[in-house]
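Chains, contacts and geometry: an overview
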Amino acid sequence: MIQKVLLIGNSDGIGAAVTRALVARGDQVVGMSRSPSPLGPHGPTHIVQDISAPDYPDKLGRILVEEGPFDTCIFCAAIGSGLTLPDLSQEAHVIEVNFTAMVHTLAGLTPGWIEQGRGHFIGLSSLADDFYNTDAPSYTASKAGFSNYLIAMALKLKPKGIHITNIRFGYVDTKLPKASWKPLMMTTEKAATYVIQCLKTQPIQLSVPKLLGFVLYGVRWMQSIRVWLS
Ligand SMILES: NC(=O)c1ccc[n+]([C@@H]2O[C@H](COP(=O)([O-])OP(=O)(O)OC[C@H]3O[C@@H](n4cnc5c(N)ncnc54)[C@H](OP(=O)(O)O)[C@@H]3O)[C@@H](O)[C@H]2O)c1
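Presented here is an overview of the structure given in this document. (Residues numbered from 1 in each chain as written. Predicted model: local features only at pLDDT ≥ 70, side-chain atom pairs only at ≥ 80, totals over all residues.)

The next point concerns the overall build of the protein. Summing up its helical and strand segments, the protein has six helices and seven strands in all. With the principal axes as the frame, the protein shows a C-alpha extent of 55 × 35 × 30 Å. Classification of the 230 residues of the protein by burial places 37% in the buried group. (Helix = DSSP H or I, 4+ residues; strand = E, 2+ residues; numbered from the N terminus. Buried ≥ 20, exposed ≤ 12 C-beta atoms within 10 Å, placed from the backbone.)

As structure tokens, this is what we get:
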């Protein structure tokens, strides 16, 4: 069945690969990012918008009226900022883009979806959501909040016919991950196939690759012991 999809953060990386995959399937895509569409002026509808701007909730409301209703929203936008002391000036901005804008987006979509009795929100989180990262604490904290919020909302909204999927990726080959070692890194095309699969299966959570998830779980336990001993 052809879907109408609002795809936020689709000018680059995983979002651009998902855009290409959806267009190839014949789905209708409305993209959003600060840069133009990854498919150029002849590609699907694209809205240039900074989702951390104060006017974003109002603009989203107008977009939902003019371009909606949407069957699905896929939230791929994020930024990462390495922390170099003593400069903490970008920390709050990372939380605004990665977490607060996602909460605004779901808040805009939910009333219409409750009225229709259906809707699907897919959010791209990270296996790093369960990890204390001293090099990029705002990124991992934003993803911890992101995953926690989406799973709570998935349980809350399921009885209303609304599905929410939290996807936790490991390393994907985009400009975002800054680590010097990126084990089990996947291509954006492979990541897009997982996102497309979730359109059909609608799980509450998908974590891939599983092996990296287990390793990070172990690292988190060692970090917790260190915190506890301190
Ligand atoms: N790559 C990885 O290793 C990895 C691993 C785990 C999870 N993830 C998650 O997967 C998602 C996609 O990541 P990616 O690697 O594809 O990142 P990316 O290549 O850097 O793409 C990020 C997208 O977000 C958009 N964006 C950023 N700030 C924005 C803003 N203020 N307003 C509107 N759009 C904004 C960017 O477009 P503009 O710059 O044009 O605005 C771009 O299209 C993110 O949620 C990320 O946390 C990625």
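It is worth spelling out the site of the ligand at this point. Around the ligand there are 27 residues in total, and G9, G13, R34, S35 and T174 lie nearest to it. Broken down by secondary-structure element, the contributors of at least two residues to the shell around the ligand are helix 1 (13-25) and strand 5 (119-126). Here the shell around the ligand gets three residues from one element, more than from any other, and that element is helix 1. A class-by-class count of the residues in the shell around the ligand yields 13 nonpolar, 10 polar and four charged. (Near = placed C-beta within 6 Å. Nonpolar A, V, L, I, M, F, W, Y, C, P; charged D, E, K, R; others polar.)

What follows concerns the packing of helix 2 (residues 56-67) against helix 3 (residues 91-116). Following both chains from N to C, one finds helix 2 and helix 3 inclined at 35 degrees, their axes separated by 10 Å at the closest point. For the pair helix 2 and helix 3, the sense of crossing is right-handed. Taking contact as the criterion, the partners of Y56, P57, L60, G61 and L64 in helix 2 are, on helix 3, A101, H104, T105, G108, L109 and G112. Split by residue class, the contact of helix 2 with helix 3 holds six nonpolar, five polar and no charged. (Axes fitted to C-alpha atoms, helices over the stretch in contact; angles between N-to-C directions. Left-handed = near helix turned anticlockwise from the far one by under 90°. Contact = placed C-beta atoms within 7 Å.)

This next bit is on the sheet that holds strand 4 (residues 72-75). Strand order in the open sheet formed by seven strands is 3-2-1-4-5-6-7, and the pairing between neighbours is parallel. Among the strands making up the open sheet, the edge pair consists of strand 3 (45-48) and strand 7 (205-208). Between one strand axis and the next, the sheet turns through 15 degrees on average, direction left out of account. Relative to strand 5, strand 4 is paired through four bridges, and the arrangement is parallel. Bridge pairing links T72 to H120 in strand 5. Along the sheet, helix 5 (residues 188-201) makes contact with strand 4, strand 5, strand 6 (162-169) and strand 7, crossing strand 6 at roughly 160 degrees. (Pairing = 2+ DSSP bridges.)

Within strand 1 (residues 4-8), four of the five residues are buried, which leaves the element mostly enclosed by the surrounding structure. Pairing geometry for strand 1 and strand 2 (residues 28-33), over five bridges, is parallel. Each bridged residue has a counterpart across the sheet, and for L7 the counterpart in strand 2 is G31. With helix 1 bridging strand 1 and its parallel neighbour strand 2, the resulting β-α-β unit is right-handed. (Right-handed = clockwise from strand over helix to strand, strands pointing away.)

Keep in mind these values describe shape, not function.
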